[in-house]
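Secondary and tertiary structure notes
Take a look at the letters that make up each chain.
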Amino acid sequence: MHHFLSNSRFSSTHSAYLANITVTKEPHPYAQAILNPNWQKAMDEELSALQLNQMWTLTPLPARQKPIGCK
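Residues numbered from 1 in each chain as written. Predicted model: local features only at pLDDT ≥ 70, side-chain atom pairs only at ≥ 80, totals over all residues. Heavy atoms only, no water.

Some thoughts on the layout of surface pockets
- Space inside the largest pocket adds up to approximately 370 Å³.
- Lining the largest pocket, in full, are Glu26, Pro27, His28, Pro29, Tyr30, Ala33, Trp39, Ala42, Met43, Glu46, Leu47 and Leu50.
- If you list the elements that add at least two residues to the lining of the largest pocket, you get helix 2 (30-33) and helix 3 (37-52).
- It is helix 3 that provides the largest number of residues to the lining of the largest pocket, a total of six residues.
- Looking at the lining of the largest pocket residue by residue, the classes come out as nine nonpolar, one polar and two charged. (1 Å grid on protein atoms, 1.4 Å probe; cavity = no way out; pocket = protein on both sides within 12 Å on 5 of 7 lines; lining within 4 Å. Points joined across faces, edges and corners; volume = space filled by probe spheres on them. Helix = DSSP H or I, 4+ residues; strand = E, 2+ residues; numbered from the N terminus. Nonpolar A, V, L, I, M, F, W, Y, C, P; charged D, E, K, R; others polar.)

Printed below as a string of structure tokens:
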């Protein structure tokens, strides 16, 4: 990010925020994410929120059809 943007005009708080969000890298495969306790907690919280808000209904899948994924 420092190649495209100068932080000389940002407050020290905003500079610290930008430094923090650019350091954290999001794991791409699930296999990487599940090894990190922080990502594991975030995934658990997301699933709990989806269940709490009743974001889906289980229905039988028609014959010879494959389910779609979700993100």
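Structural notes on the environment of Thr57
- Mapped onto the elements of the fold, Thr57 is located in the segment after helix 3.
- For the pair Thr57 and Pro27, spaced 30 residues apart in sequence, the C-alpha separation works out to 29 Å.

Examining a nonpolar patch on the surface
- Together, Leu47, Met55, Trp56 and Leu58 give the surface a local cluster of nonpolar side chains, amounting to about 480 Å² of exposed area.
- Structurally, Trp56 is set in the segment after helix 3.
- Among the residues examined, Trp56 registers a relative accessible area of 42% and is labelled partly exposed. (Patch = residues over 30% accessible without salt bridge, like charges linked within 9 Å, V, L, I, M, F, W, Y side chains within 5 Å. Areas by Shrake-Rupley, 256 points an atom, 1.4 Å probe, with all protein chains shown as cover. Salt bridge = Lys/Arg side-chain N within 4 Å of Asp/Glu carboxyl O. Buried < 20%, exposed > 50% of the residue type's maximum accessible area, 1.4 Å probe, protein only.)

What about the pattern of salt bridges?
- Scanning the entire structure with this criterion turns up one salt bridge.
- Here Glu45 and Lys41 are joined by a salt bridge, their closest N and O atoms 3.7 Å apart. In this pair, Glu45 and Lys41 are both assigned in helix 3, four residues apart and thus about one turn of the helix distant.
- A residue is classified by how much of its surface remains accessible, and Glu45, at 48% relative accessible area, is partly exposed.

Notes on the environment of Leu50
- By secondary structure assignment, the location of Leu50 is in helix 3.
- Apart from residues lying up to four places away in sequence, Leu50 is in contact with Met55 and Trp56. (Contact = heavy atoms within 4.5 Å.)

Focus: the environment of Gly69
- You can see Gly69 is positioned in the segment after helix 3.
- As a C-alpha pair, Gly69 and Gln51 span 18 residues in sequence and 16 Å in three-dimensional space.

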